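# Examination of the molecular architecture
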Amino acid sequence: MPGADTETGIRIGVAQVGVDRTDVAANVDRVVDTLREGAATGQRLVVFPECVLTGYLLGSRAETHAAAISAGDPRIGRIVDACREYSTHAVVGLLEEADGRVHNTALVLGPTGIIGRYRKQHLPYLGADRFVDPGTDAAPRVVDTPFGRVGVMICFDLRFPESARELGLQGADVIAMPTNWPEGADILADHMVRVRALENLVHLAVADRADSESGTRFIGRSQIIAPSGTVLVDAGEKEGLFGAAIDVRESRTKRLIIKPGEFELPVFSGRRPEMYGEITRPVNPDR
């Protein structure tokens, strides 16, 4: 309910909405309408699917570049205006044109404008990701908001535990993950998202589509997951906006105390980075 937040307890949402690959303006309208719906139930953050503004399953580099828009596009401004009007924040996916390059990007938008930008770092050989440039920005991927710290990763990043761990180490209270899970990705929805939340003791908010594009069906299964690995919301295959109440304090406790002084799990402070050198060695393309 609006006004029902406490200092650390908020409502967040995941938007399982469809995408019109030929009409960015219509996609923006859908995002704005969804933010209005979320505001009616007091949602402070709404996560939207990967490339929700532009579509994803493009067939060539030329198509991908033609579909891309810049972060300064006035249509992005409409979403910022909605965030301001409804006192909320949004994580919105798009194909972003920047300095002649195209990135698979998620913007964190709020009442003051663009407060965060993440360009997908791990690219599968699928859809527009075959033709975009990988993100290389080493800047922190976690941004401060009035209700907590939001980190961002996108779809295929989920398969790389280092990606979510980096966000956890940067202090994310919520990891927002726009995705486009096609048919066959159920194991990710059933298991991997819960593992990423649990191993990093962080809330995970995953937004997928439940429609089709270019003959490919997306499975839905948008979810909000607690740091315990408990699934708070699973949208199934229905389109709509799905929300849950979370307490960001649960993401800030990285030491699990089962029995004080006898059974404690120092999940973050017990790490041994000096033993993990192989993780950061240059990639061998043959492996």
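### Observations regarding unusual backbone geometry
Not every positive phi belongs to a glycine, and S87 is a case in point at roughly 50°. The topology assignment puts S87 in the loop between α3 (74-86) and β3 (89-98). If you check the backbone angles, D99 has positive phi at about 55° while not being a glycine. Relative to the assigned elements, D99 resides in the loop between β3 and β4 (101-110). A residue is classified by how much of its surface remains accessible, and D99, at 79% relative accessible area, is exposed.

### Comments concerning the pattern of salt bridges
Opposite charge on two side chains makes pairing possible when the charged atoms of those side chains draw close. The full count for this structure, using the stated rule, is 23 salt bridges. Among the ionic pairs, R117 bridges to E96, the shortest N-O distance being 2.6 Å. Of the two residues, R117 is situated in strand β5 (residues 113-119) and E96 in strand β3; the sequence distance between them amounts to 21 residues. Classification of R117 as partly exposed rests on a relative accessible area of 41%. In this structure, R221 engages D234 in a salt bridge whose closest nitrogen and oxygen atoms are separated by 2.9 Å. In this pair, R221 sits in the loop between β11 (216-217) and β12 (223-225) while D234 sits in strand β13 (residues 231-234), placing the two residues 13 residues apart along the sequence. According to the relative accessible area criterion, R221 is buried, its value standing at 16%. One salt-bridge network, in which partners are shared between bridges, spans R21, E63, R209, D211 and E213.

### So, the packing of helix α1 (residues 24-40) against α3
Running from amino to carboxyl end, α1 crosses α3 at an angle of 10°, the nearest separation of the two axes being 10 Å. Classed by the angle they form, the pair α1 and α3 counts as roughly parallel. Of the residues in α3, those touching α1 at V24, A25, V28, D29, V31, V32, L35, R36 and A39 are R75, R78, I79, A82, C83 and Y86. When grouped by side-chain class, the residues that make up the contact of α1 with α3 number 11 nonpolar, no polar and four charged.

The rules behind each value
- Residues numbered from 1 in each chain as written.
- Predicted model: local features only at pLDDT ≥ 70, side-chain atom pairs only at ≥ 80, totals over all residues.
- Heavy atoms only, no water.
- Helix = DSSP H or I, 4+ residues; strand = E, 2+ residues; numbered from the N terminus.
- Buried < 20%, exposed > 50% of the residue type's maximum accessible area, 1.4 Å probe, protein only.
- Salt bridge = Lys/Arg side-chain N within 4 Å of Asp/Glu carboxyl O.
- Axes fitted to C-alpha atoms, helices over the stretch in contact; angles between N-to-C directions.
- Parallel < 35°, antiparallel > 145°, perpendicular 65-115°, else oblique.
- Contact = heavy atoms within 4.5 Å.
- Nonpolar A, V, L, I, M, F, W, Y, C, P; charged D, E, K, R; others polar.

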